[in-house]
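Architecture at a glance
Read off the chains here:
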Amino acid sequence: MATSLRFLSVLFLVSLFALDTIEAKGLKLGFYQKTCPNAEFIIHKTTAAYVSRTPTLAAGLLRMNFHDCFVKGCDGSVLLNSTSNNQAEKAAIPNLTLKGFNVIDAAKAAVEKECPGVVSCADILALSARDAVAMIKGPYWKVPTGRRDGRVSTMANAFANLPPPFANITALKASFASKGLSAKDLAVLSGGHTIGVSLCLAFSNRLYNFTGKGDSDPTLDREYIPRLKSKCKPGDARTTAEMDPGSFKTFDSSYYSLVGKRRGLFQSDAALLDDPMTKDYVRLQATTKGSTFFQDFAESMEKMGAIEFIIHKTTAAYVSRTPTLAAGLLRMHFHDCFVKGCDGSVLLNSTSNNQAEKAAIPNLTLKGFNVIDAAKAAVEKECPGVVSCADVLALAARDAVATIRGPYWKVPTGRRDGRVSTVPNAFANLPPPFANITALKASFASKGLTVKDLAILSGAHTIGVSVCQAFSNRLYNFTGKGDSDPTLDRQYIPRLKSKCKPGDVRTTAEMDPGSFKTFDSSYYSLVGKRRGLFQSDAALLDDPVTKDYVRLQATTKGSTFFPDFAQSMEKMGAIEVLTGKDGEISKHCAFVN
């Protein structure tokens, strides 16, 4: 089974380019041009030296790159060894037959000799895989660089994320759709099966025991089965078979002729004949000897890498002109995820029969809908009906924060859009600014978030402004007797009163005065001085865990805040997401299809 994953290795090698764009802040072509100008040449030269002697390494490196990218992003974690306390990704069954580690080690050593501590292992793996495929007469694609290496590698993550080779067409299309790829992209990128071999063990059930009755897979060519059986005996766990017999060392289009004759090794190959679009593509390439295959392959690669770039480019264009939009988009993402999951429902308009989340008081001041609409329109132009509004929002929020020098976090994609959006749901799930620590902890716990996550995500108040109305009771009538909140710094109250008059519903105040347009850790210093605007800010000093976190970041100038925030955002972005057949891919983010 491990070797058979080469199918999805090629398909999702493409995903590494999309994942690349979400994985590393500043990812771009020629990233090392100034810091290590010969890096890509050194990697190419080293890879070429190995692949010229052993061409089968091309398939191995391609597969390794997929196994890296598909497990929590393209961060080189598949290269890490196990320790006495942890079984790394390498130890998972799908990874036991990976080949090419020696190539990566050699390329890394050569680059380190030239430029110590500059080029990441994740970049070396991505470049080496591309160069290896090009060496065996395959297509050549652009590889933006600037990835950073991950520190976490677990066997459990590998098992949870690497897809099996027996997927049917429904599962394959859903998987590709979750990556922003169409049925045509599935057919195109499946052509990567033109190189490499597979263990007999990965497909022998199709020969000997397909339904548990000692039968063969009826979708496999009857005349081909005896040839495979002569090579692969029952229970054989060592022998390998070529995926594209006769040219398995050369990247070409003959794979499609095999699939058309029902001779693809895996069920996932045979599945291409179960959908009109993929079946037509197989027939086209088989009858025209791959007339458009290389061009299509390149276009699908570029498309995969372009989707998130489009969102990033659109978001950056707006936020660079209006930095305060970063706070608006981040808040919108939070308000989306906390109300029945990250499903884009906060984007839906009210109708004659329903008041949507937008109409709830906490959402009346949300900003950034124009950014989401613009990004969605741009993506729809490139890939109609493929990318959800929920994913656009999640990516835009991340990219907006990064644009104002904030942390950068991984955003796995594949969310589906929700169809239900109501005012009561918003009121029931969004913690108000006057919540005490007990209510805040309960709210976060209900979303699978910890007390530490509460302290970390509250740090988002380092950017943005608030209408005076949201906290004026703390200044003028805290207990109904015309008094001020005793937890608010006495010297700070007059400053706030000079800005916010009683009953003022329009004026705004900076949540982090002096740096409200820049994502930093100064919020914690304010809270420590009892100058947070909201009761929910002050509440962080009422719990040992949150209080200690506030003090840590205040005294160390946010020593761990950025990585902590990234981790908590990744957790929040996964709250009750809709995937598979749930929800929809909305054509316009403000309306249900």
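These figures come from a predicted structure and were not determined experimentally. (Residues numbered from 1 in each chain as written. Predicted model: local features only at pLDDT ≥ 70, side-chain atom pairs only at ≥ 80, totals over all residues. Heavy atoms only, no water.)

1. Some remarks on the overall build of the chain
Summing up its helical and strand segments, the chain has 26 helices and four strands in all. Computed over its C-alpha atoms, the radius of gyration of the chain comes to 27 Å, within 12% of the 25 Å expected for a compact globule of 593 residues. Counting over 593 residues, the chain shows a buried share of 55%. Expressed as a percentage of contacts within the chain between residues at least 6 apart in sequence, the contacts between residues at least 24 apart total 75%. (Helix = DSSP H or I, 4+ residues; strand = E, 2+ residues; numbered from the N terminus. Rg over C-alpha atoms; globule rule 2.2 N^0.38 Å. Buried < 20%, exposed > 50% of the residue type's maximum accessible area, 1.4 Å probe, protein only. Contact = heavy atoms within 4.5 Å.)

2. Overview of the UniProt feature "binding site: substrate" (unreviewed entry) in the chain
The UniProt record annotates "binding site: substrate" (unreviewed entry) at Pro163. Here Pro163 is to be found in the loop between helix H6 (155-161) and helix H7 (169-177). Among the residues examined, Pro163 registers a relative accessible area of 15% and is labelled buried. (UniProt positions renumbered as here; feature names shortened; annotations may be inferred.)

3. Quick notes on the nonpolar core
Of all hydrophobic cores here, the largest spans 66 residues; its most connected members are Leu330, Ile372 and Phe565. Formed jointly, this core draws a minimum of three residues from each of two domains, domain 3 (305-427) and domain 4 (431-569). Residues in contact with Leu330, not counting those within four places in the same chain, are Ala397, Val401, Trp409, Ala460, Ile463, Phe519, Phe565 and Met569. Within the second largest apolar cluster, 51 residues are counted, among which are Leu57, Leu127, Val143 and Val188. (Core = buried A, V, L, I, M, F, W, Y, C linked by side-chain atoms within 4.5 Å. Domains from an automatic or database assignment.)

4. Examining the domain arrangement of the chain
Per the domain assignment, the segments making up the chain are domain 1 (38-161), domain 2 (169-290), domain 3 (305-427) and domain 4 (431-569). Distance between the C-alpha centres of domain 1 and domain 2: 25 Å. Summed over both partners, the interface of domain 1 with domain 2 buries about 730 Å², with 83% contributed by carbon and sulfur atoms. Scanning the region where domain 1 abuts domain 2 turns up zero salt bridges. Counting across the domain 1 and domain 2 interface gives one residue pair in polar contact (both at pLDDT 80 or more). Of the residues forming the side of domain 1 that touches domain 2, the biggest block, three residues, is contributed by helix H3 (residues 57-69). (Buried area = accessible area lost by both parts, 1.4 Å probe. Salt bridge = Lys/Arg side-chain N within 4 Å of Asp/Glu carboxyl O. Polar contact = N/O pair within 3.5 Å; in protein donor to acceptor, adjacent residues only side chain to side chain.)

5. Quick word on the side chain of Gln535
On the secondary structure map, Gln535 appears in helix H24 (residues 535-538). Given the relative accessible area of 18%, Gln535 is considered buried. Residue contacts for Gln535: discarding those within four places in its chain leaves Pro433, Phe434, Ala435, Asn473, Arg474, Phe478 and Asp485.

6. Observations regarding the packing of aromatic side chains
Counted by the stated rule, this structure contains 21 aromatic pairs. Where Phe31 meets Tyr32, the ring centres are 5.0 Å apart and the plane angle is 85°; that geometry is what we call edge-to-face. Accessibility expressed as a relative area gives 31% for Phe31, which makes it partly exposed. When its relative accessible area of 5% is taken as the criterion, Tyr32 is described as buried. Taken together, a centroid distance of 5.6 Å and an interplanar angle of 75° make the contact between Tyr524 and Tyr549 edge-to-face. Placement of Tyr524 in helix H23 (residues 522-528) and of Tyr549 in helix H25 (residues 544-555) is noted, with a sequence separation of 25 residues between them. Judged on exposure class, the residue Tyr524 and its partner Tyr549 are both buried. Connected via pairs of aromatic rings, a cluster forms that spans Trp409, Phe519, Tyr523, Tyr524, Tyr549, Phe561, Phe562 and Phe565. The aromatic ring of Phe369 is capped on one face by Lys358, whose charged end is 4.5 Å from the ring centroid. (Phe/Tyr/Trp six-rings, centres within 6.5 Å; stacked < 30°, edge-to-face > 60°. Lys NZ or Arg CZ within 6 Å of the ring centre and 35° of its normal.)

7. As for the state of the cysteines
On inspection of all chains with the given rule, the structure shows five disulfides. For Cys337, the disulfide goes to Cys342, at an S-S distance of 2.1 Å. Disulfide Cys337-Cys342: torsion about the S-S bond near 120°, hence right-handed. A relative accessible area of 0% places Cys337 in the buried class. For Cys342, a relative accessible area of 1% puts it in the buried group. With a sulfur-sulfur separation of 2.1 Å, Cys389 is cross-linked through a disulfide to Cys589. (Disulfide = S-S within 2.5 Å.)

8. Some thoughts on the packing of helix H2 (residues 39-53) against helix H4 (residues 101-114)
In contact at an axis separation of 9 Å, H2 and H4 are set at 145° when each is read in the N-to-C sense. Here the hand of the crossing between H2 and H4 comes out right-handed. On H4, the residues that touch Ala39, Ile42, Ile43, Thr46, Thr47 and Tyr50 of H2 are Asn102, Val103, Ala106, Ala107, Ala110, Val111 and Glu114. Of the residues assigned to the contact of H2 with H4, the class counts are nine nonpolar, three polar and one charged. (Axes fitted to C-alpha atoms, helices over the stretch in contact; angles between N-to-C directions. Left-handed = near helix turned anticlockwise from the far one by under 90°. Nonpolar A, V, L, I, M, F, W, Y, C, P; charged D, E, K, R; others polar.)

9. With respect to the environment of Lys557
For Lys557, the location among the structural elements is in the loop between H25 and helix H26 (561-572). Along the sequence, Lys557 and Cys337 sit 220 residues apart, while their C-alpha atoms lie 29 Å from each other.

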